[in-house]
Every structure is written in structure tokens, then in C-alpha cells.
Protein chains: 2
Amino acid sequence: QTIIKICFRFEVLNINLQNKPDWFLSKHPEGTVPLLEHDGKVPYLVPDSRVIIEYLDDAFPETSILPREPYLRAKQRYDANKLDSVCSTIQKVSYLTRLSGNITTLATELAVAEKLLETSFYSGTTPGLPDIVLYPFIHRLHVIRQFVRDSFLDDYFPNHFPKLVKWFIKMRTMPETEVVREPEHHLKAFLISKAKQNATDFDIHL
Amino acid sequence: QTIIKICFRFEVLNINLQNKPDWFLSKHPEGTVPLLEHDGKVPYLVPDSRVIIEYLDDAFPETSILPREPYLRAKQRYDANKLDSVCSTIQKVSYLTRLSGNITTLATELAVAEKLLETSFYSGTTPGLPDIVLYPFIHRLHVIRQFVRDSFLDDYFPNHFPKLVKWFIKMRTMPETEVVREPEHHLKAFLISKAKQNATDFDIHL
């Protein structure tokens, strides 16, 4: 199977969230991340990860993630919404120095993600919106597992979630996710700096 | 200006949320409302109000609320998201017997809605996604004001929010909202039953 995708040139700029730069706030006074700047005829500024995904889908229909059929689109949007609490739980967990207190919540949420995975991907036989929404968070969990010394994560992830692990391996080796993925040693160093210090080192490895 | 809209036949079925009927749960085991059943070639079941709106937009592009242009679509989606906490605050307030304790939160949220309203509608000169998302909640607040005896709501709504009030009057008299709006005396009776009793009367006026 040949994957034909249009390639975009892009640059990632990390923002120090504890000391947001002026140039960023002047572009986007609300100061939220992520923010997409897309240079079309005019530079468009699109905030909010979910809004960015749907924007790219609308702007580049030839490489869209969402299907064209209205009901299948609705189903993917609904399934992506159902994964929201899994994503926000992993987000919270990854900001904590000590993770063990939240392991029950994490396990419950991962069980939800495991249960919803009825086919090879959340959207059927090819990745769709729910897959794209969930992937960066499971990837972060995978990196956390590598640097956390105690074995609490091994007790839950991946052992209890065989479908999720199979899905993760497939998602991780897709050319599309490989291209955009932050190098794992950067993410690892960043997460360690967060867990060990009061002040997160937003400039690590940059 | 002539408004040309395709008319759909629809039927509203209210669900007793404290005792969900079996026919409903067998259609939609998660039991959430609202749920749209759309009889196309096959009967499609679409849950979640926001997903329903985007589904109808995709299924009937000739009467769509969202514009076609990707950036304007993204902007409307982002603005609709920003109104989410206003909507959920009004939702919570409308389920309380005594409202006075939450008036500060409500006032703060309404101030957000007032501030975001920079043109006649949230989306410019014509109603768009944020307008459609917010309207039913402001309408509910309007009905609450009519039956709550004390003057706390008058202190805040509408007096402090002139733009929001002007917007509400315009939205309320649109043929599209008039057609789908629940009769105000039904909504009023329903809200009174909720405020006065432990058990809400889901069958009131039906």
C-alpha cells in the first residue's frame, strides 16, 4: 500500500508557558497553546488543538483525516469527544512529580480507551479523528513509562490493555506521526525537568 | 431580505432522565440527550448537541450555519468553544431551587458572553455556530427570569449586558429559532417543577 500525502513545510516553536514571550502574546493575547500560524494569502492564526485539526481538514481536503460522509464524520467527532477525559487525565498525570496517587484514575480512563477500541483503529481500518486526538497522549504515557523508576505504570500499561498497545505500535510507526513527533529524548528530558523542579525547564534541548 | 431555508419535518420526543425508557436505551445505550434520529437510507443516530449541529451542517450544506471558508469555520468553532462555560453555568443554575448563591458565577460568565459579542452576532452580521450554541441557554435564562420572584436576575440580566440583550431579541425573532423553540409556558412549568420538587416532572405539559 502506497501512502500518498502532500507534504507541508512546518516549523515548531515551543513556548515558555511560565514566561510567555511578547511576540506570542501580541499575536494571540489569550496566550493558549497550541496555536497554528498558517501562511496563506494572509497569515491565519488558529488556536486549540481540536480546532486546528478540523481547520487543516477543511483547508486541505485532499489529505483530510475525517471522511466525507456526514454520518461517519459525526461518529468520529463523537468518539473523539469520548476520549477527551482520557487525554486530560494523561495530561494531568504527566505534570505531577509523584504519579502513584493518580494511578487508579489513569487505569479507569485507559480502560475506557481500551473498550472503545473495537477495530484496529478507533475509526475502523484506517486512522481517523479519535486516533489523531488520542495518539500524542498515549505517546507521552509511553515516554513517562521509560523514565519513571517504580513499576506502577507497568502494572497497568501496557499489560492490561492489549488492544491499546497494538494500536499504539501501529500509530507510532506511521510516517505521518513519525514526521511530526517530538524526539523522545527531548520529551523525556522535558518531563524529568517538570517532575524534579518547581520551575519547568521549557528551554530544555532547544 | 428574503430568508430561504429548506424545511424539515421533525418530531421532538422528551426523555424522562430519571427513568429513561427502554426504547431509548435500546437505541442509544449510553442514554445521553440530545440524540438525533435521522431517517436517511438507514436511520442514523447522532448524539451530542454540538456533534448534531455539525452533522446537520454536513448533511445539508445548502442550509449550513458554518461558512465554507476554512479559517472562518475555525474561528466560529473556537468562539463556540469559548461560550461553553457560559452554557454549562446556565445549565447548572437552571437546575437549582435557590439561585442566589450562584449569581456571581453567572454574572462573570455573562460578562464573558457580553465581551465576546463584538458585532451584531458572534459570527459577524449573520448568526453562526456560536450564536446557535449559546441561544437556547440565554432563552432558558430569560424564562427563569420570568418565574423567579426575587430580583437578583434583574440586577444582572439584562441590565448589565446591553449587547447580549439586543442579540437575544434578534435571535428570538428569527423564523429558524421560532420554529424549533419549546413553548415558553412549557419550559416555565418544567423549570418550576424542577425547582420545587425533589423529583422533576419530566412529563409536564406533554
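Residues numbered from 1 in each chain as written. Chains lettered and ligands numbered in written order. Predicted model: local features only at pLDDT ≥ 70, side-chain atom pairs only at ≥ 80, totals over all residues. Heavy atoms only, no water.

### Notes on the overall build of chain A
1) Next: Scanning chain A from terminus to terminus reveals 10 helices and two strands.
2) Next: Looking at chain A alone, contacts between residues at least 24 apart form 57% of all its contacts between residues at least 6 apart. (Helix = DSSP H or I, 4+ residues; strand = E, 2+ residues; numbered from the N terminus. Contact = heavy atoms within 4.5 Å.)

### A word on the relation of the copies chain B and chain A
1) Next: Mapping chain B onto chain A leaves a residual RMSD of 0.0 Å; the transformation is a rotation of 180° accompanied by 0.0 Å of translation along its axis. In the structure described here, the two chain copies are related by an operation that fits a two-fold rotation axis.
2) Next: Interface residue correspondence from chain B to chain A reaches 100%, placing this contact among same-surface, isologous pairings. (Least-squares fit on C-alpha atoms with pLDDT ≥ 70 in both.)

### Observations concerning the packing of aromatic side chains
1) Next: One pass over the full model with this rule turns up eight aromatic pairs over all chains.
2) Next: Each ring, one from A:Tyr71 and one from B:Tyr44, has its centre 4.2 Å from the other, and the planes form 10°; the classification is stacked. Remark: B:Tyr44 occurs in strand S2 (residues 43-47) and A:Tyr71 occurs in helix H3 (residues 70-82); the pair is interchain, linking two chains.
3) Next: Between B:Trp23 and B:Phe24, the aromatic rings sit 5.8 Å apart at their centres with planes inclined by 80°, giving edge-to-face as the arrangement.
4) Next: The ring of A:Phe121 carries the charged tip of A:Lys170 above its face, separated from the ring centre by 5.2 Å. (Phe/Tyr/Trp six-rings, centres within 6.5 Å; stacked < 30°, edge-to-face > 60°. Lys NZ or Arg CZ within 6 Å of the ring centre and 35° of its normal.)

### Some points on the domain arrangement of chain A
Accessible area lost when the parts come together is the quantity often used to give the size of an interface.
All names here are of chain A.
1) Next: For chain A, the assigned domains read domain 1 (1-64) and domain 2 (70-196).
2) Next: Contacts between the two partners involve eight residues from domain 1, matched on the other side by 12 residues from domain 2.
3) Next: Surface buried jointly by domain 1 and domain 2 totals about 750 Å² across both partners, of which 54% is contributed by carbon and sulfur atoms.
4) Next: Across the salt bridge formed by Arg77 and Glu54, the nearest N and O atoms sit 2.8 Å from each other.
5) Next: The interface formed by domain 1 and domain 2 contains three residue pairs in polar contact (both at pLDDT 80 or more).
6) Next: Tallied by class, residues from the side of domain 1 that touches domain 2 come to three nonpolar, one polar and four charged. (Domains from an automatic or database assignment. Buried area = accessible area lost by both parts, 1.4 Å probe. Salt bridge = Lys/Arg side-chain N within 4 Å of Asp/Glu carboxyl O. Polar contact = N/O pair within 3.5 Å; in protein donor to acceptor, adjacent residues only side chain to side chain. Nonpolar A, V, L, I, M, F, W, Y, C, P; charged D, E, K, R; others polar.)

### Here we look at the interface of chain B and chain A
1) Next: Across the boundary between the two partners, chain B contributes 22 residues, which contact 22 residues of chain A.
2) Next: Between the two partners, chain B and chain A, sit eight salt bridges.
3) Next: Between B:Asp58 and A:Arg77 there is a salt bridge whose closest N-O contact spans 3.1 Å.
4) Next: Taken together, the connections running from chain B to chain A amount to 12 residue pairs in polar contact (both at pLDDT 80 or more).

### Side note on helix H4 (residues 84-93) of chain A
Residue and element names in this part refer to chain A.
1) Next: Within the span of H4, buried status applies to Val86, Cys87, Thr89, Ile90 and Val93. End-on, the buried residues of H4 take up no more than an arc of 165°, which puts them together on one face.
2) Next: Contacts made by the buried residues of H4 are with helix H5 (103-116) and helix H6 (129-147). (Buried < 20%, exposed > 50% of the residue type's maximum accessible area, 1.4 Å probe, protein only. Arc of directions from axis to C-beta.)

### Quick notes on the side chain of B:Glu114
All names here are of chain B.
1) Next: If you trace the backbone, Glu114 turns up in helix H5 (residues 103-116).
2) Next: Here Glu114 occupies a buried position and makes no salt bridge, while the nearest side chain of opposite charge, Lys163, is found at 4.9 Å.
3) Next: Within the structure, the side chain of Glu114 is placed 3.0 Å from the backbone nitrogen of Lys163, a separation counted as a polar contact.
4) Next: Ignoring anything within four residues of it in the chain, the contact list for Glu114 reads Tyr122, Phe161, Pro162, Lys163 and Leu164. (Lys, Arg positive; Asp, Glu negative; His and termini not counted.)

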